[in-house]
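# Overview (structure and organization)
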Amino acid sequence: GQDRLNLFGPQALSNIALAFAKAGESHPKLFQKIGDHVAGRISLDSFNPQALSNTVWAFATAGESHPELFKKIGNHIAGLGCFDSFKPQELSNTVWACATV
């Protein structure tokens, strides 16, 4: 269940969601579990900008809404104080995903 997701690092979780989204495969239960897991983390400090961006992009592309996840990631990014660590594509994908869902 949910505990098994602890075996996956941030990049792996983001890659799983990304693969399903890019393949056009719908799996709402998987996206819900990933969203719950990431949103339930105490901190997102272990997520690099690419993992954050890919995660929200995957959810938006797959048409999967998870308000708690988007709020958690948005608050984390806003708390960084600057966007220097984000490449322009990562930032634009994140903004697009937030505007899309």
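About the thresholds
Residues numbered from 1 in each chain as written. Predicted model: local features only at pLDDT ≥ 70, side-chain atom pairs only at ≥ 80, totals over all residues. Heavy atoms only, no water. Helix = DSSP H or I, 4+ residues; strand = E, 2+ residues; numbered from the N terminus. Rg over C-alpha atoms; globule rule 2.2 N^0.38 Å. Buried < 20%, exposed > 50% of the residue type's maximum accessible area, 1.4 Å probe, protein only. Contact = heavy atoms within 4.5 Å. Areas by Shrake-Rupley, 256 points an atom, 1.4 Å probe, with all protein chains shown as cover. Lys, Arg positive; Asp, Glu negative; His and termini not counted. Charge placed at Lys NZ, Arg CZ, Asp CG, Glu CD. Axes fitted to C-alpha atoms, helices over the stretch in contact; angles between N-to-C directions. Parallel < 35°, antiparallel > 145°, perpendicular 65-115°, else oblique. Left-handed = near helix turned anticlockwise from the far one by under 90°. Nonpolar A, V, L, I, M, F, W, Y, C, P; charged D, E, K, R; others polar. Expected span 1.5 Å × (residues − 1). Arc of directions from axis to C-beta.

This part covers the overall build of the chain. For the chain, the helix and strand inventory stands at 5 helices and 0 strands. The C-alpha atoms of the chain give 12 Å as radius of gyration, which agrees with the globular expectation for 101 residues (13 Å, within 12%). The C-alpha extent of the chain, read off along each of the three principal axes, is 35 × 25 × 20 Å. When burial is assessed residue by residue, the chain has 37% of its 101 residues classed as buried. Of all intrachain contacts in the chain linking residues separated by at least 6 positions in sequence, the fraction that spans at least 24 positions is 72%. Carbon together with sulfur atoms contributes 56% to the accessible area of the chain, which is approximately 5,700 Å² in total. Side-chain charges in the chain split into 8 positive and 8 negative, and the spacing between the mean points of these groups amounts to 4 Å.

At a minimum axis separation of 11 Å, helix α1 (residues 10–23) and helix α2 (residues 28–39) run at an interaxial angle of 150°. For the element pair α1 / α2, the angle class is roughly antiparallel. Crossing handedness for the pair α1 and α2: left-handed. Contact with α1, carried on its side by Leu13, Ile16, Ala17, Phe20 and Ala21, involves Leu30, Phe31, Ile34, His37 and Val38 of α2 and no other residues of that element. Grouping the amino acids of the contact of α1 with α2 by side-chain chemistry returns 9 nonpolar, 1 polar and no charged.

A few words on the packing of helix α3 (residues 49–62) against helix α4 (residues 67–79). With their axes 11 Å apart at the nearest point, α3 and α4 run at an angle of 150° to one another. Our classification of the angle between α3 and α4 gives roughly antiparallel. Here α3 and α4 pass one another in a crossing that is left-handed. Together, Leu52, Thr55, Val56, Phe59 and Ala60 of α3 and Leu69, Phe70, Ile73, His76 and Ile77 of α4 make up the contact between the two elements.

Turning our attention to α4. Since one α-helical turn is 3.6 residues long, residues separated by three or four positions face the same way. Its 13 residues place the ends of α4 18 Å apart at the C-alpha level, agreeing with the 18 Å of an ideal helix rising 1.5 Å per residue. Within α4, the full set of buried residues consists of Leu69, Phe70, Ile73, His76 and Ile77. One side of α4 carries all its buried residues, which in axial view fall inside an arc of 130°. Facing away from the buried surface of α4 by more than 90 degrees, the exposed residues are Pro67, Glu68, Lys71, Asn75, Ala78 and Gly79. If you follow the buried residues of α4, they end up packed against α2, α3 and α5 (88–100). Directly after α4, the chain includes glycine 81, whose backbone phi takes a positive value near 85°.

To continue, consider the environment of valine 38. Residue placement: valine 38 occurs in helix α2. Of the residues examined, valine 38 reaches a relative accessible area of 1% and is grouped as buried. Each C-alpha atom of the pair valine 38 and isoleucine 16 lies 13 Å from the other, and the pair is 22 residues apart in sequence. Those residues in contact with valine 38, other than ones at most four positions away along the chain, are Leu13, Leu44, Phe47, Leu69 and Lys72.

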